[in-house]
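Listed below, chain by chain, are the residues.
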Amino acid sequence: MVARFLIILLLFSVSTFASNCMKCHEPHYTREANCTICHRGIDITSRKDIAHFNLITAKYADFLINEKVLEKAREIVNDSGCRRCHVLEGRGNILARDLHGTGGKNTGEYIFKMIKEPNEYMPDFHFDNSTINKLVKLILFDGVKVVKKENASYPVFLDSDVENVFGKKCGNCHRAVLKNIGPAGKGDIGPNLSGLFSEYYKSKILTKNKKITEDIFRKWLKNPREISEKTVMPIIALDSKEIDDLVENLK
């Protein structure tokens, strides 16, 4: 009796939430979700362009059920340090946009392009298309399945050319999004230093992928070869006030 009731309820929910979708498409995975959860769109209209608004295409539509791909994407996120700038699945820094909102509002193709063609201050990880597809599915999953506890907003700095210690002394080789300044530096010779002191930043040279401490960073600035004999980084003339400024803004 209970099973029969559940079947009737399931059929009712499918017909209620996706009746217009099924006029054109064969139903599938009806036990996992309704049409708009997996594909978005607006199912109460018969106009194709509106019905398919912000559509999650078939290429990415298994983001709710492909656990193997999601776990692989989480490994990529951890290895690449994405959370040193972004919040993903409720964890990370807020130097850049919270990816929960990105996954909840945008198409898979849009998110793919954001990663494939990063902006000026996002590191280019040179991911191949297969890797990016996995990351897109995790971001889409975050936008639907992860419960948002609070809005993780981040500041927007309109005057990115303001003079600062990082820009003057480090910016020829490095870039970073700084806590109190915003984007700084123009160099690509050295690594992007955004979120340097966070638990998500990994450096084989400085700490063998362990968290970078202020003490290690200060020693590095004083004489990089005390930590790594083969480093190509020169000794930079910095007074104590400038070092304090760098430490404070790179937190």
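For the structure given in this document, a descriptive report is provided here.

1. Examining the overall build of the chain
Line of reasoning, step 1. A tally of regular secondary structure across the chain gives ten helices and four strands.
Line of reasoning, step 2. Of the regular secondary structure in the chain, the N- to C-terminal order runs α-α-α-α-β-β-α-α-α-α-β-β-α-α.
Line of reasoning, step 3. Counting all 251 residues of the chain, 41% fall into the buried class.
Line of reasoning, step 4. Of the contacts made within the chain by residues no fewer than 6 positions apart, 51% connect residues no fewer than 24 positions apart.

2. Focus: helix α9 (residues 214-222)
Turn by turn, an α-helix covers 3.6 residues, leaving residues three or four places apart pointing in a common direction.
Line of reasoning, step 1. Among the residues making up α9, those that are buried are Phe217, Trp220 and Leu221. Burial along α9 is one-sided: seen end-on, the buried residues are contained in an arc of 95°.
Line of reasoning, step 2. In this fold, the buried residues of α9 make contact with α10 (240-250).

3. Remarks on unusual backbone geometry
Line of reasoning, step 1. The phi dihedral of asparagine 54 is positive, around 55°, even though this residue is not glycine.
Line of reasoning, step 2. Examined against the element boundaries, asparagine 54 turns out to sit in the loop between α3 (48-51) and α4 (67-80).
Line of reasoning, step 3. The phi angle at glutamate 89 is positive, at roughly 55°, despite the residue not being glycine.
Line of reasoning, step 4. In this structure, glutamate 89 sits in the loop between β1 (87-88) and β2 (91-92).

4. Examining the packing of α9 against α10
Line of reasoning, step 1. At a closest axis distance of 11 Å, the pairing of α9 and α10 adopts a crossing angle of 135°. Taken together, the axes of α9 and α10 lie oblique to each other. For the crossing formed where α9 meets α10, the hand is right-handed. Residues Glu214, Phe217, Arg218 and Leu221 of α9 form the contact with α10, whose participating residues are Ile243, Asp244, Leu246, Val247 and Leu250.

5. Some details on the pattern of salt bridges
Line of reasoning, step 1. In total, this model carries 15 salt bridges according to the counting rule given.
Line of reasoning, step 2. Through salt bridges with shared partners, a single network forms among Glu67, Glu71, Arg74, Arg83 and Glu89.

6. A few points about the nonpolar core
Line of reasoning, step 1. In this structure, Ile115, Leu135, Val136 and Leu140 are the most contacted members of the largest nonpolar core, which totals 25 residues.
Line of reasoning, step 2. The set of elements that each furnish at least two residues to this core consists of α4, α6 (108-116) and α7 (129-145).
Line of reasoning, step 3. Per element, the largest residue contribution to this core is seven residues, and it comes from α7.
Line of reasoning, step 4. Counting residues in hydrophobic clusters, the runner-up holds 22 residues, among them Ala176, Leu178, Leu221 and Val247.

7. Structural notes on the packing of aromatic side chains
Line of reasoning, step 1. Taken as a whole and assessed by the stated rule, the structure comprises two aromatic pairs.
Line of reasoning, step 2. When the ring of phenylalanine 125 is compared with that of phenylalanine 127, the centres are 5.1 Å apart and the planes differ by 15°; the resulting orientation is stacked.
Line of reasoning, step 3. The class for phenylalanine 127 is buried, based on a relative accessible area of 17%.
Line of reasoning, step 4. When the centroid spacing of 5.4 Å and the interplanar angle of 85° are considered together, the rings of phenylalanine 197 and phenylalanine 217 count as edge-to-face. Placement of the pair is phenylalanine 197 in the loop between β4 (182-184) and α9 and phenylalanine 217 in helix α9, with a sequence separation of 20 residues.
Line of reasoning, step 5. Residue phenylalanine 217 is classed as buried on the basis of its relative accessible area, which comes to 6%.
Line of reasoning, step 6. The ring centre of phenylalanine 112 lies 5.7 Å from the NZ or CZ of lysine 59, which sits over that ring.
Line of reasoning, step 7. Above the plane of the ring of tyrosine 121 lies arginine 175, whose end atom (NZ or CZ) is 5.6 Å from the centre.

8. Some details on a nonpolar patch on the surface
Line of reasoning, step 1. Nonpolar side chains collect at one region of the surface, where Ile42, Ile44 and Phe53 lie side by side and expose about 340 Å² of accessible area between them.
Line of reasoning, step 2. In this fold, phenylalanine 53 is placed in the loop between α3 and α4.
Line of reasoning, step 3. On the basis of relative accessible area, phenylalanine 53 is assigned to the exposed category, the value being 52%.

9. Focus: the environment of lysine 219
Line of reasoning, step 1. Within the fold, lysine 219 resides in helix α9.
Line of reasoning, step 2. With a relative accessible area of 43%, lysine 219 lands in the partly exposed category.
Line of reasoning, step 3. Not counting residues up to four positions away in its chain, the partners in contact with lysine 219 are Pro224 and Ile227.

10. Overview of the environment of phenylalanine 197
Line of reasoning, step 1. Classification of phenylalanine 197 by relative accessible area gives buried; the value is 10%.
Line of reasoning, step 2. Sequence-wise, phenylalanine 197 and leucine 250 are 53 residues apart; in three dimensions their C-alpha atoms are separated by 6.8 Å.
Line of reasoning, step 3. If near-sequence neighbours (up to four positions away) are discounted, phenylalanine 197 is found in contact with Lys211, Ile212, Thr213, Glu214, Phe217, Val247, Leu250 and Lys251.

What counts and what doesn't
- Residues numbered from 1 in each chain as written.
- Predicted model: local features only at pLDDT ≥ 70, side-chain atom pairs only at ≥ 80, totals over all residues.
- Heavy atoms only, no water.
- Helix = DSSP H or I, 4+ residues; strand = E, 2+ residues; numbered from the N terminus.
- Buried < 20%, exposed > 50% of the residue type's maximum accessible area, 1.4 Å probe, protein only.
- Contact = heavy atoms within 4.5 Å.
- Arc of directions from axis to C-beta.
- Axes fitted to C-alpha atoms, helices over the stretch in contact; angles between N-to-C directions.
- Parallel < 35°, antiparallel > 145°, perpendicular 65-115°, else oblique.
- Left-handed = near helix turned anticlockwise from the far one by under 90°.
- Salt bridge = Lys/Arg side-chain N within 4 Å of Asp/Glu carboxyl O.
- Core = buried A, V, L, I, M, F, W, Y, C linked by side-chain atoms within 4.5 Å.
- Phe/Tyr/Trp six-rings, centres within 6.5 Å; stacked < 30°, edge-to-face > 60°.
- Lys NZ or Arg CZ within 6 Å of the ring centre and 35° of its normal.
- Patch = residues over 30% accessible without salt bridge, like charges linked within 9 Å, V, L, I, M, F, W, Y side chains within 5 Å.
- Areas by Shrake-Rupley, 256 points an atom, 1.4 Å probe, with all protein chains shown as cover.

Everything listed here is a matter of geometry and, on its own, says nothing about what the molecule does.
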